[in-house]
Structures are given as C-alpha cells and as structure tokens.
Amino acid sequence: MTLLNLPPLQKSYLESIGFSWHTDADGSDYLPGEVVQVKASEANAYYEAANELYDMFTAAAQNVIDNDRFGELGIPFNLIDAIKMSWENEVHWHLYGRFDFAGGLDGQPIKLLEFNADTPTSLFESAILQWALLKQNGLDEAAQFNSIYESLLDNFKRLITLEESVESFEEHYQGWKILFSSVAGSDEEELTTRLLAHIAHEAGFETAFAHADAVEFSPEGIFHNGQNYEYWFKLIPWEDIAIDEGELALLLTQIMRHQKAIILNPAYTLLFQSKGILKVLWELYPNHPLLLETSSEPLEGDYVKKPLFGREGANVSIIKDGRTACENVGPYGNGGFIYQRYTPLNSHESESYQAGVFFAYEGCGLGFRKGGLIMDNASKFVGHIIKD
C-alpha cells in the first residue's frame, strides 16, 4: 500500500471545533500527517462490499429471530422483545453503522472483520477531519469515498419518508423532535453525538442534546426539561443498557410497545453488533468471498478469538500455530466468544491499517485505523485520497 505524507491538521483548528483528543498519552498525534492512497476501483469495491454485506446481515438476523437463536449471540433476555418489535416495524430505521474490513488494497481481497452497527465512533474523523486534511493541504477534498455527511442527512429524512426517496420529507414531517444523548465524561462520544444532532437539525428536525443521566423515561415517553421527544438517539450500547440498566431496558421496551418514542439506533442492531452473527453468516453463506470462517469453537490453524460484545480490541487474541501470538486484556472476558479465521490487515512497514466503511442506507465513506495486529484504543485514525 502507498501512503502520502502531509502536514497534520493544526491543533488550534482541532481545538476550535471541539476535537480535544488529538494527542495520545505518549504525546503522539492521534491524527498523523498521512493518508492512504486508494484507487477508484478499490473505493468502489469497499462500497459494493458494504452494500452486499448489509443484505446478508439482514438475512442472518431474520434467521436468528425465526429460529430463536438469541442465546447463541449472547443477546440479553430483557431486550429480546424490543429487538422483535423494532425488527417487525419499519419505523425503527437503522440510522448508521460501520463495517470493519481487512484487505481491499493492492489486490488483497476484502474480508469482513465485524459490523459496528449500534454505536460506531470515528464518525467525526471520517466525515469531517479527513476531508479537512486534504483541504488544508491544497488537495482536492472531493478525491475521497466520503459522502458520510450527506448520506446521514438523507437517512435522517428517511425516518419520516421510510423509503429511498427523501423528496416528500417536508410534506410528511410534523414537527417531530429528536433528543440526542451520550454518557457524560466522554468528549469523543459527546462530539460524535452532537455532530449527528447538527446533521439532523440541518435535515429539518427539531433537536436537543442531553447527557443520558439528565433524560427522564416513563411508560408515557422520553422527556427532557419537560419536553416530550418522539425520537431518542443514544450513543450507548444496547447491551450496556440491558446489563447495567435493566430497569431502563424494560422501560424502553414499554415505550416502544405503546409507540411513545422511537429509539436510534434500533434494538435489532444489537443482532448485527454481536459477533455471534458472524457464525450465522458463515452458515448461510459458506465460503463467501467477503467472509471469514467463524465458529463457536476454536478452529484448526490460525484464528482470532473475539468476545461476542466488546470495544476497541479488548479481550481479543490472535492464535497462530497453536500459540497466542497477540492478546489484549479488557472487561469483556466473562461473556461468550467466537473464533474467526485469521487474515492479515493491510500493512505498510511494521504498521497495520484496518479499513472502516460507514453505512447509512448504503456504503457512504471510507477511513482507516492504524495500529498493531489488534486495533485498540491506542490506534490512530488515517484518512485516504483516491488516486489512480
């Protein structure tokens, strides 16, 4: 793979737009001055892969629901009703997610690693900052696979139109409001959430932001400062709500059942988010070129052990020749695991580059994480430029 080295974005600019986590604990830049050179054909292949895989995930989720396989995916029992209700009614629209891929460059096949369908981050970096890096350096900022902002804007409108076309949004919109929430104390999650609120407002919604602990929930709906909200976007994983806030999980289920509010992303995205669905995909589409063999039991040969639910590479292990070649610790070791065939990431010298493709009704943007064999909270964000 080929990199183009550029002066990084100025920290004063990043601070001015609220991007505070630009410097890692070791003093290095979280946003290094480089972009990955991607051919137009490679960008299109990432786009097509995301679109095809979303249809496959939909079929796999239907299989889980039809055959009551929630336990295999580690789905908490107190969310099963919410998942079924959100799946059966199209008003529960999937706003956005992010596919993580190995390969895709220099003739290497694209392979799905996982789908961050519920609470994907690196949105601000992907939608805004990689574009700004090209602009700052006098390059063509349109030379990217990056319509994330525009795609999200249209997908917010589809909450109302419930179809591909968004032209009838103003005709059908009746002043519905969206409350956006993240957990207090995380600048990254709050900025991501506020970006989404900004896009929703531009789409035409009335919007507000509140930390999750300031939101009021009752069987009658979702409230903040006395205002009732028809939609609630939460950058809080569904599984965390189920495990840590069981009463809230039951309240949200009641709210959905009585049609008092719609939660974004929908509860069914937890099926996509569980890495257990990778096993179901392999069963339904064995040897599919975009998939890696995945099982609930260790594989022969080299493989990766992953928790059903986890973030930032925690509790992930790479097993080679029967020995642990690389392992991350973390808080997710008490849940179930899946075992996925090992495949190398894109690499340059001693660094690995993992592609991430955002999905909002269709594939809409590419970015890369740079790090070691396992991407973790020390990995960097790297943008791209399309250059044949």
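1. Comments concerning the overall build of the protein chain
Here's step 1: Across its full length, the protein chain holds 11 helices and 20 strands.
Here's step 2: Over its C-alpha atoms the protein chain spans a radius of gyration of 20 Å, differing by no more than 12% from the 21 Å that the globule rule assigns to 388 residues.
Here's step 3: Each of the three principal axes of the protein chain carries a C-alpha extent, and together these read 55 × 50 × 40 Å.
Here's step 4: Considering the protein chain as a whole, with its 388 residues, one finds that 58% of them fall into the buried category.
Here's step 5: Residue pairs at least 24 apart in sequence account for 72% of intrachain contacts in the protein chain once pairs closer than 6 positions are excluded.
Here's step 6: Carbon and sulfur atoms provide 46% of the accessible area of the protein chain, an area that totals close to 16,400 Å².

2. Quick notes on the layout of surface pockets
Here's step 1: Quantified by volume, the second largest pocket comes out at close to 440 Å³.
Here's step 2: Lining the second largest pocket are 19 residues, with Tyr-54, Thr-58, Trp-93, His-94 and Tyr-268 positioned closest to its centre.
Here's step 3: Put simply, the parts of the chain that give the lining of the second largest pocket at least two residues each are helix H2 (40–66) and helix H3 (80–88).
Here's step 4: Per-element accounting of the lining of the second largest pocket gives the leading share, 4 residues, to H2.
Here's step 5: Residues that form the lining of the second largest pocket fall into these classes: 9 nonpolar, 7 polar and 3 charged.

3. Some details on the pattern of salt bridges
Here's step 1: Taken as a whole and assessed by the stated rule, the structure comprises 14 salt bridges.
Here's step 2: The closest approach of N and O atoms between Glu-34 and Lys-370, which form a salt bridge, is 3.4 Å. Taken as a pair, Glu-34 in strand E2 (residues 34–38) and Lys-370 in strand E19 (residues 363–371) lie far apart in primary sequence, 336 residues in all. Across the pair, exposure class does not vary: Glu-34 and Lys-370 are buried alike.
Here's step 3: A salt bridge links Arg-257 to Asp-81, with the nearest nitrogen and oxygen atoms 3.6 Å apart. Of this pair, Arg-257 sits in helix H9 (residues 246–257) while Asp-81 sits in helix H3, and the two are 176 residues apart along the sequence.
Here's step 4: Overall, Arg-257 belongs to the partly exposed group, its relative accessible area being 42%.
Here's step 5: A residue is classified by how much of its surface remains accessible, and Asp-81, at 44% relative accessible area, is partly exposed.
Here's step 6: Each of Arg-69, Glu-72, Lys-279 and Glu-283 takes part in one network of salt bridges that share partners.

4. A look at the sheet that holds strand E15 (residues 323–327)
Here's step 1: Taken in spatial order, the 5 strands make up an open sheet running E12-E16-E13-E14-E15, and their pairing is antiparallel. In the strand order of this sheet, the two ends are held by strand E12 (294–295) and E15, each with one partner.
Here's step 2: Note: strand E13 (residues 303–307) against strand E16 (residues 337–341), 5 bridges, orientation antiparallel. Within E16, the residue paired with Lys-306 across the bridge is Ile-338.

5. Structural notes on empty space enclosed by the protein
If a probe the size of a water molecule is rolled over the atoms, the empty space left behind becomes visible.
Here's step 1: Counted under the stated rule, the structure contains 5 cavities of 30 Å³ or more.
Here's step 2: If you add up the space inside the largest cavity, you get close to 80 Å³.
Here's step 3: Lining the largest cavity are Pro-8, Leu-9, Leu-31, Pro-32, Glu-34, Leu-129, Gln-130, Leu-133, Phe-381, Val-382 and Gly-383.
Here's step 4: Residue assignment for the lining of the largest cavity shows that the elements contributing at least two residues are helix H4 (123–136) and strand E20 (380–386).
Here's step 5: Approximately 60 Å³ is the volume attributed to the second largest cavity.
Here's step 6: Along the walls of the second largest cavity sit Glu-114, Phe-115, Asn-116, Glu-239, Gln-273, Lys-275, Leu-308, Phe-309 and Gly-310, which together make up its complete lining.
Here's step 7: For the lining of the second largest cavity, the element with the highest residue contribution is strand E4 (residues 111–116), accounting for 3 residues.
Here's step 8: Partitioning the lining of the second largest cavity into residue classes produces 3 nonpolar, 3 polar and 3 charged.

6. A closer look at the sheet that holds strand E5 (residues 177–181)
Strands in a sheet are paired, the pairing made by backbone hydrogen bonds, and the direction either parallel or antiparallel.
Here's step 1: Taken in spatial order, the 4 strands of this open sheet run E6-E5-E10-E11, and their pairing is parallel. If you trace the sheet from one side to the other, it starts and ends with strand E6 (206–209) and strand E11 (262–264), each paired once. Recorded for the sheet is a direction-independent mean angle of 20 degrees between the axes of neighbouring strands.
Here's step 2: Direction of pairing for strand E10 (residues 231–234) relative to E11: parallel, over a ladder of 3 bridges. Residue pairing in the sheet places Trp-232 in a bridge with Ile-263 of E11.

7. A short note on the pairing of E6
Here's step 1: Bridge count between E5 and E6: 4 bridges; the pairing is parallel. Residue pairing for E6: Phe-180 is matched across the bridge by Phe-209.
Here's step 2: Chirality of the crossover, the property in question, places the unit of E5, helix H7 (residues 187–203) and E6 among those that are right-handed.

What counts and what doesn't
- Residues numbered from 1 in each chain as written.
- Predicted model: local features only at pLDDT ≥ 70, side-chain atom pairs only at ≥ 80, totals over all residues.
- Heavy atoms only, no water.
- Helix = DSSP H or I, 4+ residues; strand = E, 2+ residues; numbered from the N terminus.
- Rg over C-alpha atoms; globule rule 2.2 N^0.38 Å.
- Buried < 20%, exposed > 50% of the residue type's maximum accessible area, 1.4 Å probe, protein only.
- Contact = heavy atoms within 4.5 Å.
- Areas by Shrake-Rupley, 256 points an atom, 1.4 Å probe, with all protein chains shown as cover.
- 1 Å grid on protein atoms, 1.4 Å probe; cavity = no way out; pocket = protein on both sides within 12 Å on 5 of 7 lines; lining within 4 Å.
- Points joined across faces, edges and corners; volume = space filled by probe spheres on them.
- Nonpolar A, V, L, I, M, F, W, Y, C, P; charged D, E, K, R; others polar.
- Salt bridge = Lys/Arg side-chain N within 4 Å of Asp/Glu carboxyl O.
- Pairing = 2+ DSSP bridges.
- Axes fitted to C-alpha atoms, helices over the stretch in contact; angles between N-to-C directions.
- Right-handed = clockwise from strand over helix to strand, strands pointing away.

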